[in-house]
Amino acid sequence: MNPLLQIDDLRLRYPGGGFRRRLPEVLKGVSLHIEAGETLGLVGESGSGKTTVGRAVLGLAQATGGTITFEGQDITHLPAGRNRGDAREIQVVFQDPYTSLTPALQVRGILSEPLIAQGIARSDAERRVSSLLDRVGLPKDSADRFAREFSGGQRQRIAIARALALEPRLIVCDEPVSALDLTTQARVLDLLIELQRNTGVAYLFITHDLAVVRHISHRVAVMYQGEIVETGPAATVTRHPQNDYTKRLLLAAPTADPDAQAERRAARQALRGRAEVPTAS
Amino acid sequence: MSQQLAPPGPDRTAAAPAKRKRRVTRALLRNPMAVGSVVTLAAMTLLCLLAPVITSHDPMYSSVEHVNAPTGTEGWWLGGDAQGRDMWSRLLASIGVSLTAALIGTGVSIVIGVVFGLIAGYVGRAIDSIASWVFNLVLALPTLLILIVLLPVTRGSYQLTMLLLGVMLSPGVYRLVRNMVIGVRRELYIDAAKVAGLSTWRILTRHVFFVVRGPIVIQAAFIATICINVQAGLAFLGVGANTPSFGSMISQAFTNLYGHPVQLLWPTLGLVALTGSLILFANAYRDALAGTTTAARRRSRRAIADVTRHADEAAPAAEKPTGKALLTVQDLSIAYPRPDGSLNEVVHKVSLTVDSGEVVGLVGESGSGKTQTAFAILGLLPHEAVVTAKEASLDGRPLLAMTPAELRKLRGPGVAYIPQEPMSNLDPSFTVGSQLVEALRRTMPRVQARQRVLELLARVGIPDPERTFDSYPHQISGGMAQRVLIAGAVATHPKVLIADEPTTALDVTVQAEILDLLRELQRELKMAVLLVTHNFGVVADLCDRVVVMRDGRDVETGEVRQIFSRPAHEYTKSLIDSILDEETLRTDAPVSKAKEGAR
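Keep in mind that what you see is a predicted model, and the values were worked out from it rather than measured. (Residues numbered from 1 in each chain as written. Chains lettered and ligands numbered in written order. Predicted model: local features only at pLDDT ≥ 70, side-chain atom pairs only at ≥ 80, totals over all residues.)

Caption draft 1: Geometry of the overall build of chain A. A tally of regular secondary structure across chain A gives nine helices and ten strands. For 281 residues, the compact-globule formula gives about 19 Å, and the C-alpha radius of gyration of chain A, at 20 Å, lands near that figure. Taken along the three principal axes of its C-alpha coordinates, chain A extends 65 × 50 × 40 Å. Across the 281 residues of chain A, 50% fall into the buried class. Contacts spanning at least 24 positions in sequence make up 62% of the contacts within chain A whose residues lie at least 6 apart. (Helix = DSSP H or I, 4+ residues; strand = E, 2+ residues; numbered from the N terminus. Rg over C-alpha atoms; globule rule 2.2 N^0.38 Å. Buried ≥ 20, exposed ≤ 12 C-beta atoms within 10 Å, placed from the backbone. Contact = placed C-beta atoms within 7 Å.)

Caption draft 2: Expanded view of the interface of chain A and chain B. Counting residues at the interface gives 62 residues for chain A and 50 residues for chain B. Sorting the residues of the side of chain A that touches chain B by element identifies β6 (90-93), α2 (107-117), α5 (182-199), α6 (210-216), α7 (234-239), α8 (244-252) and α9 (258-272) of chain A as the ones contributing at least two each. Here the side of chain A that touches chain B is built from residues that sort into 27 nonpolar, 18 polar and 17 charged. (Nonpolar A, V, L, I, M, F, W, Y, C, P; charged D, E, K, R; others polar.)

Caption draft 3: Summary view of α5 of chain A. Taking 1.5 Å of rise per residue, the 18 residues of α5 of chain A would be expected to cover 26 Å, and the 26 Å separating its terminal C-alpha atoms lies within 8% of that figure. Considered for burial, the residues of α5 of chain A that qualify are Leu182, Thr184, Gln185, Ala186, Val188, Leu189, Leu192 and Gln196 of chain A. Structurally, α5 of chain A contributes buried residues whose contacts are with β3 (39-43), α4 (152-165), β8 (202-207) and α6 of chain A together with α24 (570-577) of chain B. Downstream of α5 of chain A by a residue or two, Gly200 of chain A has a phi angle that is positive, lying close to 70°. (Expected span 1.5 Å × (residues − 1).)

Caption draft 4: Up close: the UniProt feature "domain: ABC transmembrane type-1" (unreviewed entry) in chain B. The UniProt feature table records "domain: ABC transmembrane type-1" (unreviewed entry) at residues 95-290 of chain B. Along residues 95-290 of chain B, the helical share is 86% and the strand share 0%, with 32 Å between the first and last C-alpha atoms. (UniProt positions renumbered as here; feature names shortened; annotations may be inferred.)

Caption draft 5: Seen up close, the domain arrangement of chain B. Parsing chain B into structural domains produces domain 1 (31-292) and domain 2 (318-598). Centre-to-centre, using C-alpha coordinates, domain 1 of chain B lies 54 Å away from domain 2 of chain B. (Domains from an automatic or database assignment.)

Caption draft 6: A look at the packing of helix α17 (residues 432-440) of chain B against helix α18 (residues 446-459) of chain B. All names here are of chain B. Closest axis-to-axis distance for the α17/α18 pair is 9 Å, and the angle between their directions is 120°. On the basis of their axis angle, the class for α17 and α18 is oblique. As for the relative orientation of α17 and α18, their crossing is right-handed in sense. Here Gly433, Leu436, Val437 and Leu440 of α17 lie close against α18, whose contacting residues are Arg446, Ala449, Arg450, Arg452 and Val453. Residue composition of the contact of α17 with α18, grouped by class: five nonpolar, one polar and three charged. (Axes fitted to C-alpha atoms, helices over the stretch in contact; angles between N-to-C directions. Parallel < 35°, antiparallel > 145°, perpendicular 65-115°, else oblique. Left-handed = near helix turned anticlockwise from the far one by under 90°.)

Caption draft 7: How the structure looks around the environment of Thr25 of chain B. With respect to the secondary-structure elements, Thr25 of chain B resides in helix α2 (residues 21-30). Distance in space between the C-alpha atoms of Thr25 of chain B and Ala288 of chain B is 7.8 Å, their sequence separation being 263 residues.

Caption draft 8: Summary view of the sheet that holds strand β7 (residues 415-418) of chain B. All names here are of chain B. Read across the sheet, six strands follow the order β7-β8-β9-β3-β10-β11 without closing on themselves; strand pairing throughout is mixed. Looking at the sheet topology across the chains shown, the edges are occupied by β7 and β11 (553-559). Strand-to-strand, the axes of this sheet are offset by a mean angle of 15°, without reference to chain direction. Against the sheet, helix α15 (residues 370-378) contacts β3 (359-363), β7, β8 (496-500), β9 (528-533) and β10 (545-550), and its axis sits at roughly 145° relative to β8. (Pairing = 2+ DSSP bridges.)

Caption draft 9: Region of interest: the confidence of the model for chain B. All names here are of chain B. Looking at chain B as a whole, its pLDDT mean stands at 84, while 89% of the residues score no less than 70. The low-confidence segment residues 308-322 (pLDDT under 50) makes twelve contacts with residues lying over four places distant or belonging to another chain. Scored below 50 in pLDDT, residues 594-599 makes seven contacts in the model with residues more than four places away or belonging to other chains. Reported confidences for the modelled complex are a pTM of 0.78 and an ipTM of 0.87. (pLDDT = per-residue confidence, 0-100.)

Caption draft 10: Inspection of unusual backbone geometry at higher detail. All names here are of chain B. Although it is not a glycine, Arg155 sits at a positive phi angle of roughly 50°. Along the chain, Arg155 falls in the loop between α8 (151-154) and α9 (158-185). A positive phi angle is found at Lys526, which is not glycine, with a value near 50°. Relative to the elements of secondary structure, Lys526 occurs in the loop between α21 (508-525) and β9. Assessed through the 12 C-beta atoms surrounding it within 10 Å, Lys526 is described here as exposed.

Caption draft 11: Representation of the sheet that holds strand β10 (residues 227-233) of chain A. Residues and elements named next belong to chain A. If you walk across this open sheet you meet the six strands as β6-β7-β8-β3-β9-β10, and the pairing is mixed. With one partner strand each, in any of the chains shown, β6 and β10 form the two edges of the open sheet. Across this sheet, the average inter-strand angle for adjacent strands is 20°, counted without regard to direction. As defined by bridge partners, β6 adjoins strand β7 (residues 170-174) across four bridges and the pair is classed as parallel. The residue of β7 that forms the bridge with Ile90 is Leu170. Packing against the sheet, α8 makes contact with β9 (219-224) and β10, and its axis sits at approximately 100° to β9.

Written out as structure tokens, the structure is:
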């Protein structure tokens, strides 16, 4: 069976840079796939191109090479917007819950707008709003309030509800919990996992946080400077990494235990010193 | 409510610019300036609409008996002008002409400017270049001259002239709208709307226009005054058809200035009332959008005065240092004035101590007041903040009682600071080196300072100090910028280093290196460090003791191992529990493969 989303040798270079001086390639041949109902964690540091992969899948950035296939259909050059056809089954949850929700509309409007744009009658769309709010664990009266009246975690729930409105098969989650507090972070992750179990939606989960990736991913792909350096089941990649960069990344993340962290620090400094590579505890 | 709880602290970027419409209307109604100007405008409009009923003569009708009739003459209540025409009816007709001129000019410029501004700003690329070029060209044309030169075309009709003027004024609106749209275009909610399959038209009208409409209203009021003044000016010069207007009335009165100066009074008053109320309304509307009114400012100033007075009374007790700790803070409270003038306390009686050579973590979630507390110690809070404490002392010297000059002297050798966003804390228009030298110039000559900075840059692990010294901030990476700021902070051998989320904006691999550097420097210089963070990994890596904050209170203080293994307070427990466990992996299979799966 074909995977839900297949990315082959995706290359991307942003336009601009000036006369005879093009900007460097952001993606240098990225290939990955996502099965239905699965979470692929895409890990990398800033500038690694992980967000650009997500934007290319969403049609917000135009690939300069390679193909993106969604449910057997080539969507590489379909920009986001009204003419995207079935690719609307790909939705998004952005990192920053403060700028990803429009200040112009109440929650009711934010959630019903995508439905109305699909030609669903306004009354039907508004009826769906309360069931969406219910699914993301927000009270019913939230519909009449503006996004700015909510806390970061609640806003992210609204953003998730908006992504769910069109009953997508794939949601691109671009650092959806990075801007949230610890306690909120755990709750939003649990919500995402629960929604996946109930609806069978697949996630392309983009993050820099390895703990978050372990928590939610079935498989993990590690990106470094526009390339995938390692990919595999979450357990293998996060416990027994093969690639040097992955190892460094794992050892660099501080753990919340003073003694374990001291050990990890020593291990990292040893790795940096080009000494014998010890395995992480 | 979260907006009220959030003080204008430096760790908060401004939220969405849009405010609730109802709130703006209410703010306008509370502002006497706004109410006054709207009432004046409405009254003038009403008078001009009722002109046929409340005047007894046509504005053009001239009566020989009433040439220069004094004010109060029967039927000519405001008197007659040099040609014996009724000043009262001419005044009302002038209001009509001015309002029409304003409507035409403003309408045309707003429609043209908004439509092209929205399109150019949103679509960008070629359309933006062409539109901007054309509008810049229009902007470069001499407006008044063109209006006069084109009189043969407009045949003196002020309406046609105003139409032209509207076109000439549209670049201002265009630029305003275009620039705001460019700012909004990159917002994530616009991307989200695209992904949701919304049409460009819908995105423009529902999401983008919302953001620009407030400033457009303000701009429109100003354009209206320009139109009224240009129309009056042209009429004053005698350019154009002979319609009754403020300009022509003033011009006539001018010729009669010595004989009958009162004739100048009526049209001038009318013109001032009209343009004045337009400008005052624009100001009031801007204030309403910004959420401040003079009355509220006055109230809050009074509230602050009350609190500071109380603080002064309590001050003598706080003079003597009690503890032996290097940095002692006891019962520190911070409050901010609300828009309505009352005080909103965001930090409540926080106490902490930092001994010399000790690293203390100040931990909490966003809004817990940890950054506010650190900034209060540094004396960097915005001046409207009201800070009180039983004791706040560094090395036995009270911090809160210090004058700005004393504080300045203390920063550097006493306290130093490392910020969260390294890039925004370097001035983009100066080289890295000159900024660091600048800070040292107080204590040593320039050549020596340069030498010292180069040493420091090498010390903080910058590979090529000379090159970084001569670089501008945009030429170095975030990690390098943070190293530069650390170099600047430790340059004066501070006793206490306050680091506010020093690694939050950095990648994990860079974060690890910066933490290593901080640890080394702390040991080398035997500094005390107050580390503000939300990351328990960073706490575990660096801290000796931890102060946990929640909602502006310190809920627990303890040694780092004890906080992690035996947290006493419920909140600390819940925080430690919500740290994502490194051992837990997701084990359930994707739903398509197995419907059920245990985690």
